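Residues per chain, in single letters:
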Amino acid sequence: MVPFTHYFHAACASPMPDMLPDWYPAKRHPAPPDAPLFDWLCHEGSLTLRLTEAGDRDFRVELLKQAPEPAHDDEAAALGLPPGTLVWTREVLLHTAGAPRVYARSVAPTSALGNAAVELDSLGTTSLGHLLFRNPQIRRGPIEISRYPADRLPDSWRSEGLWARRSHFSDGKLQLLVCEVFLQGWPLAST
Ligand SMILES: C=C(O[C@@H]1C=C(C(=O)O)C=C[C@H]1O)C(=O)O
């Protein structure tokens with residue numbers, strides 16, 4: 001007979017089901033956050049530029065990771081890919097006014113990096129926003145918002161219920177899904 005403790009440990013060891021984000025078009029979310037965070041989530045222009053201005057030009061990108069990895073299920077669905085497809089992935093922290101304020105994760109099918117492939121691969125700590133917003137061929141799709149699963153965030157910035165937004169950037173060939181999570185302590189005192 002299998003002892004009770006065996007069942008107990010097996011139950012504790014089993015992975016928690018992945019909490020999924022619940023994306024809604026920003027203006028149709030049933031329980032959106034208050035201003036000014038909602039205004040930041042809905043902002044269609046460059047977040048890099050807005051954060052740079054809000055931090056009085058004290059802005060920098062900290063590169064956490066840039067590598068191919070399996071897409072999360074919601075990312076794969078948004079890009080029309082089978083679950084788990086390997087995608088080009090870039091994760092950064094956007095620092096302004098002396099601290100990380102936003103975690104950003106951008107993913108693209110490796111076959112859809114388009115003409116930007118070389119530039120994307122060599123971005124380093126240059127903001128992706130510079131590349132996206134200086135090219136008039138690249139259009140932003142509608143912004144969606146959701147609370148973001150804590151277990152997808154870097155360890156030191158893990159917190160339940162943080163707000164995120166995502167949108168799709170494309171010039172026809174490039175297919176890039178950019179997700180930005182507003183970290184704890186938001187909004188900035190200056191906003
Ligand atoms: C999309 C933008 O670029 C920002 C910069 C990123 C980066 O360097 O990886 C990622 C997402 C954005 O937060 C923007 O500035 O709006």
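It should be emphasised that the depicted structure is a prediction, and the values quoted were computed from it without experimental measurement.

J.: I tried to follow the UniProt feature "binding site: substrate" (unreviewed entry) in the chain on my own but got confused; where do I start?
T.: In the UniProt entry, the feature "binding site: substrate" (unreviewed entry) is given for R90, L128 and E180. For the residues just named, distributed over 91 residues, the greatest C-alpha separation is only 12.1 Å, placing them together at one site. Lining the largest cavity, from the residues named above, are R90, L128 and E180. For R90, the location among the structural elements is in strand β3 (residues 86-96). Accessibility expressed as a relative area gives 2% for R90, which makes it buried. Apart from residues lying up to four places away in sequence, R90 is in contact with V61, L63, K65, Q66, A104, R105, S106, L123, G124, T126 and L128. With respect to the element layout, L128 can be found in helix α6 (residues 128-134). Given a relative accessible area of 9%, L128 falls into the buried group. Leave out the neighbours within four places in its chain, and L128 touches R90, S106, L120, L123, L176 and V178.

J.: What's the story with the site of the ligand in this structure? I'm lost.
T.: The immediate surroundings of the ligand are formed by 15 residues, with L47, T48, R90, L128 and E180 found nearest. Take L47: an N or O atom from its main chain is 2.7 Å from an oxygen atom of the ligand. In this structure, an oxygen atom belonging to the ligand sits 2.7 Å away from a side-chain N or O atom of R90. Protein coverage of the free-state accessible area of the ligand, which is 380 Å², stands at 100%. Taken atom by atom, the bulk of the ligand overlaps the largest cavity. Broken down by secondary-structure element, the contributors of at least two residues to the shell around the ligand are α3 (47-54), β3, α6 and β8 (175-182). Taken together, the residues that form the shell around the ligand break down as 8 nonpolar, 5 polar and 2 charged.

About the thresholds
Residues numbered from 1 in each chain as written. Predicted model: local features only at pLDDT ≥ 70, side-chain atom pairs only at ≥ 80, totals over all residues. Heavy atoms only, no water. UniProt positions renumbered as here; feature names shortened; annotations may be inferred. 1 Å grid on protein atoms, 1.4 Å probe; cavity = no way out; pocket = protein on both sides within 12 Å on 5 of 7 lines; lining within 4 Å. Helix = DSSP H or I, 4+ residues; strand = E, 2+ residues; numbered from the N terminus. Buried < 20%, exposed > 50% of the residue type's maximum accessible area, 1.4 Å probe, protein only. Contact = heavy atoms within 4.5 Å. Near = heavy atom within 4 Å. Polar contact = N/O pair within 3.5 Å; in protein donor to acceptor, adjacent residues only side chain to side chain. Areas by Shrake-Rupley, 256 points an atom, 1.4 Å probe, with all protein chains shown as cover. Sits in = over half its atoms within 2 Å of the grid points. Nonpolar A, V, L, I, M, F, W, Y, C, P; charged D, E, K, R; others polar.

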